[in-house]
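Architecture at a glance
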Amino acid sequence: GDCSGNDIYRFVNTLAEHIRADIVKKTECTASIGIGPNKFLAKLAADKVKPNACCLVTDWREFLENLNLRDIPGIGRKFQKKLQPHGLCTVNDIWDLGDEAENTLGEIIGSGTAHKIVQYCNGKDERVVTPAIRKSIGAECNYGVRFEGPYGVDYMIQGLSKEVEKRMTGAGVRGAKLTLKVMKSKDPSKVPGKFLGHGLCDNISRSVDVLLTRDKDIISSAANKLFGKLGIDKNEVRGMGIVMGSLNSDGEVDFLNSSPSKLSAWLKKDSTVSISREDQKVFEGAENPNQVTFAIDDNGDLNSDSGSLMMPTFSQLDQDVLHNLPEDILSEVKSMYGKETSHQTQVAGQPSPKSPTRRHAWRVNKSDKTIPIAGQTSVRRMLKLACVKSGEEQLDENHLSLSQLDCLPLEMQLQIANGDDIKIVKRP
């Protein structure tokens, strides 16, 4: 049935109180909620009752009466200084101008801003309320940050990483870009006005591409490396934050679970990549007398005509790199070694006697617009590329960034990561 105005107000106010109670229960943090007929009035209502209350606007004129213009979004200190000499300090002063309000304000602060302010002063806001799409998740702390005791920067980064993992798990997402934020004090010897506050600081941030993850250990490791590269004295740090971007929901990465080769899918992602004619000339123009031909037998084993390729034993692999690999990929690497342990002494250049081999060699064809990708390659080389992509090792300064590296075919990624000077071409 129909509801009266009082019934609606009572309902929304009760709903808001339930929401605030849930926030306190789940986060142990207080919250303020503003309710109004539009975004502008709801925002002012929430600001009025911070940090722990609910405010419902039922009469916009009564709510805005005698409100300082400085409290209206869009009017900062600069505009306030321009308006005060004209006797415009409160919303009532704008009301007193009547129909001339917009023209008068336009001569002082510009017509565009004047129209918006007059609309606000009359309780109007035509902006549409739309759900915000979350693009990043992070955790920051900028109060009481001092490293004079037993706990260092790594301890704080571990705590932030743990909180980021918790928030990403709750949101059901993983991130592929990590940003470290650091507040560096401009004068560490100066005592800030607020006890244990951060004072005047320079805000510094650095980002790095990581494997799609929300694991606190991977996040912590990457953040520690970024902090080391900044070269900031720990005694100058007054705040720190970790933000994960390039988010993907868990459902978007489920395809890895059904992939026949998780390691290949992670390294390869796409089977082809489009390149421009200029890029083709660069690839084709590389002068290198070396050429290697690969043979892949029906078991997926890699052979080479250029010499013997011996598989390293599992103990020869960098255990730190293995530790930073995703669990599903690490399991696949282990299973590959378990499968091929008995074949360690076989020379890779000799084809398997159980099945014929298929000869493959690749090059960039001038008439093609895509670069084909080979089906398999050396596990050692794959792990080297995995090490680079995980951030365990860095590319040379003259090489591509990780995002540019991802756009290249798998063969080229492997050559860059391993520092090869071998040109892989396809025979006609």
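Residues numbered from 1 in each chain as written. Predicted model: local features only at pLDDT ≥ 70, side-chain atom pairs only at ≥ 80, totals over all residues. Heavy atoms only, no water.

Our next topic: the environment of V237. Its location among the elements puts V237 in strand β6 (residues 237–245). Separated by 36 residues in sequence, V237 and C201 place their C-alpha atoms 8.9 Å apart. (Helix = DSSP H or I, 4+ residues; strand = E, 2+ residues; numbered from the N terminus.)

Here we come to the nonpolar core. If you look at the biggest cluster of nonpolar residues, it comprises 28 residues, and the most contacted ones within it are L64, L69, I72 and L105. Among the elements that make up this core, the one with the highest residue count is helix α7 (residues 111–121) (five residues). Contacts of L105, omitting those with residues within four sequence positions, involve L83, L88, I94, G110, A114, I117 and V118. Listed in part, the 27 residues of the second largest apolar core include F147, M168, L180 and M244. (Core = buried A, V, L, I, M, F, W, Y, C linked by side-chain atoms within 4.5 Å. Buried < 20%, exposed > 50% of the residue type's maximum accessible area, 1.4 Å probe, protein only. Contact = heavy atoms within 4.5 Å.)

Right, let's get into a nonpolar patch on the surface. On the surface, F11, L15, I19 and I23 cluster together to form a nonpolar patch covering roughly 350 Å² of accessible area. Topologically, F11 is positioned in helix α1 (residues 5–27). (Patch = residues over 30% accessible without salt bridge, like charges linked within 9 Å, V, L, I, M, F, W, Y side chains within 5 Å. Areas by Shrake-Rupley, 256 points an atom, 1.4 Å probe, with all protein chains shown as cover. Salt bridge = Lys/Arg side-chain N within 4 Å of Asp/Glu carboxyl O.)

Below, the discussion takes up the pattern of salt bridges. Within this structure, the stated rule accounts for twelve salt bridges. With its nearest N and O atoms 3.0 Å apart, the salt bridge here joins R20 to E17. Taken together, the residues span about one helical turn, with R20 and E17 both in helix α1 at a distance of three residues. You can call R20 buried: its relative accessible area is 12%. Across the pair D209 and K177 runs a salt bridge, and its minimum N-O distance is 3.4 Å. With D209 in strand β5 (residues 201–213) and K177 in strand β4 (residues 173–185), the pair connects residues that are 32 residues apart, well separated along the chain. Residue classification places K177 among the partly exposed positions, given a relative accessible area of 33%.

Using the criterion set out here, one finds zero disulfides in the structure. Looking at C55, it has no disulfide partner, and the nearest cysteine sulfur is the one in C54, 7.3 Å off. (Disulfide = S-S within 2.5 Å.)

Across the protein, the average pLDDT comes to 77, with 69% of residues at or above 70. Low pLDDT (under 50) marks residues 255–261, which in the prediction has six contacts with non-local residues, meaning those over four places away or in another chain. Within the model, the stretch residues 269–309 combines pLDDT values under 50 with 105 contacts to residues more than four positions away or in other chains. (pLDDT = per-residue confidence, 0-100.)

When β4 meets strand β7 (residues 248–249), the two strands line up antiparallel, connected through two bridges. When the sheet's bridge partners are listed, V173 is paired in β7 with S249. Relative to β5, β4 runs antiparallel, the two sharing ten bridges. By the bridge assignment for β5, L178 is matched with V208. By the bridge criterion, eight bridges tie β4 to β6 in an arrangement that is antiparallel. Residue L180 lies in a different strand from β6, and its bridge partner there is I242. (Pairing = 2+ DSSP bridges.)

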